[in-house]
Amino acid sequence: MRTIALFFFLSLLADTASAQVIMSSKKKAAKLFESGKKLQKARDFFGAIEKYNEAIGRDSSFAEAYLQAGAAYITLLQTEKAVVYYKELADRYPDSPRYVGAHLRLAEYYFSGGSYSESLIHSERYLSFIDEKNINYQKTFTIHENSRFALDRIDDPLNFNPQPLEAPINKFKQQYFPVLTADQKTLFFIKRDKDEEIYFSEREKEAWSVPMPIDSSLTSEYNEGTCTVSADGRTMVFTSCMRKDGYGSCDLYISKKIGDKWTTPQNLGRPINSSAWDSQPALSADGMTLFYVSNRKGGLG
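Residues numbered from 1 in each chain as written. Predicted model: local features only at pLDDT ≥ 70, side-chain atom pairs only at ≥ 80, totals over all residues. Heavy atoms only, no water.

### Quick look at the state of the cysteines
Here is the rule we go by: In plain terms, two cysteine sulfur atoms within 2.5 Å form what is called a disulfide here. Three labels apply to residues, based on accessible area from a 1.4 Å probe with only protein chains included: buried if under 20% of the type maximum, exposed if over 50%, partly exposed otherwise in between.
A full pass over the atoms with the stated rule returns 1 disulfide. Here Cys241 pairs with Cys250 through a disulfide, and the sulfurs are 1.9 Å apart. One disulfide, between Cys241 and Cys250, carries an S-S torsion of 95° and so falls in the right-handed class. An identical accessibility class is assigned to Cys241 and Cys250; each is buried. Of the cysteine sulfurs around Cys227, a residue in no disulfide, the closest is that of Cys241, at 13 Å. A relative accessible area of 0% places Cys227 in the buried class.

### Regarding the confidence of the model for the protein chain
Atomic detail in the predicted coordinates should be set aside for any region of low pLDDT. Quick reminder of the rule: Values of pLDDT, which run from 0 to 100, indicate the predictor's confidence residue by residue. Counting from the N terminus, the helices are DSSP H or I runs at least four residues long and the strands are E runs at least two residues long. Residue contacts are defined here by distance: any two heavy atoms, one from each residue, within 4.5 Å place the two residues in contact.
Confidence in the prediction of the protein chain, expressed as mean pLDDT, is 88, and 93% of residues score 70 or more. Ranking the helices and strands of the protein chain by mean pLDDT puts helix α7 (residues 116-127) first, with 96, and helix α1 (residues 2-12) last, with 46. Scored below 50 in pLDDT, residues 1-18 makes 34 contacts in the model with residues more than four places away or belonging to other chains.

### Things to note about the pairing of strand β12 (residues 290-294)
We count it as follows: DSSP bridges decide pairing: two strands pair if at least two such bridges lie between them.
As paired strands, strand β11 (residues 278-283) and β12 are joined by 4 bridges and run antiparallel to one another. Paired with Ala282 across the two strands is Phe291, which belongs to β12. Linking β11 to β12, which pair antiparallel, is a turn of 6 residues; within it Gly287 sits at a positive phi near 75°.

### Here's the deal with the nonpolar core
Counted only if it meets this: Only buried Ala, Val, Leu, Ile, Met, Phe, Trp, Tyr and Cys residues count toward a nonpolar core, and they belong to the same one when joined by side-chain atoms within 4.5 Å.
By size, the foremost hydrophobic cluster in this structure holds 30 residues, and its most contacted members are Tyr85, Tyr86 and Leu89. Of all elements in the fold, only α2 (27-41), α3 (45-58), α4 (63-75), α5 (79-92) and α6 (101-112) reach the threshold of two or more residues within this core. By residue number, the principal contributor to this core is α4, which donates 8 residues. Contacts of Tyr85, omitting those with residues within four sequence positions, involve Ile49, Asn53, Ile56, Tyr66, Ala69, Gly70 and Tyr73. In this structure, Ile190, Ile214, Val229 and Phe238 belong to the second largest nonpolar core, which totals 12 residues.

### Topic: the side chain of Thr186
Position of Thr186 among the secondary structure elements: in strand β2 (residues 186-192). Among residues more than four places away in sequence, those in contact with Thr186 are Val179, Leu180, Thr181, Phe200, Ser201, Glu202 and Trp208.

### Brief notes about the pattern of salt bridges
To be explicit about the condition: Any Lys or Arg side-chain nitrogen located within 4 Å of an Asp or Glu carboxyl oxygen qualifies as a salt bridge.
Enumeration according to the criterion identifies 12 salt bridges in this entry. Residue Asp156 pairs with Arg153 through a salt bridge whose shortest N-O separation is 3.6 Å. Asp156 gets classed as partly exposed once you look at its relative accessible area, which sits at 48%. Look at Arg153 and you get partly exposed, because its relative accessible area is 25%. Ionic pairing is found between Glu197 and Lys191, a salt bridge with its closest N-O pair at 3.5 Å. Looking at Lys191, the relative accessible area reads 10%, which means it is buried. In this structure, a network of salt bridges that share partners links the residues Arg105, Glu108 and Lys139.

### Quick word on the packing of aromatic side chains
Stated formally: Two aromatic rings, drawn from Phe, Tyr or Trp (for Trp, its six-membered ring), form a pair once their centres lie within 6.5 Å of each other, and the interplanar angle then sorts them: stacked below 30 degrees, edge-to-face above 60, tilted otherwise.
Scanning all chains against the criterion turns up 14 aromatic pairs. Look at Phe188 and Trp262: their rings are 6.4 Å apart centre to centre, the planes differ by 80°, and that puts the pair in the edge-to-face class. Residue Phe188 is located in strand β2, and its partner Trp262 is located in strand β9 (residues 261-262); the two are separated by 74 residues in the primary sequence. Owing to a relative accessible area of 8%, Trp262 belongs among the buried residues under this scheme.

The following block contains the structure:
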């Protein structure tokens, strides 16, 4: 993970490697910096950071020392400490192409902590230096737009006040992924305990019935989870993992309700399922379009 962290840091500056390097004119500071570089190369990151801090103590405008100290802390997976150095770089050298990567680091840090005004400022600053071909463009643009959206919603919050469903629905330690039929009279959800099972409850007048496991024809010794139901409640697509007829770790299956019974589930096959993880299905109202999640090759996760 440290190698990945360092590689990611270097990727921030890949497009500005030829930009001006701001060193120190003070000989003692420069000597301490070179000692830090040697220690960092030998993977003595704490020793390197100590030397960089000594160099900064002798020359507070030593940009390259801030940069390398931040990189060392990123390699050590200590982002909060790295941010101190990136903040100095961003404040002291806001227009330097070589140190623009500090703005991206700060944008990510502030966004993850909910400081959306700060993440908006730094993501906007970073975007002003790059174009859409840059490897970090899409990520930065997403942070920028999400920060703007979050600030808008804080100023104008949605009227959203969810309440837990009344008993006996929430009777298990964990239940999730609820799905209602169009008439809102049948609720399907996943009960998670030692494994995952599909449960349902029916609305009788103003009350929900005690949740029961779905027809045994849909269940197996493996997990059944995240389901979707057509508007009429007669077609279900659900996720099941590690079945013998599966194509990957988790696949999507379909079953039809005939009378009061569900048919034996059928694997939806290719190209819906793949050797990857395929899950979390959602049917459109007319039952003609299926949306789902996959980590197959070609996606973003």
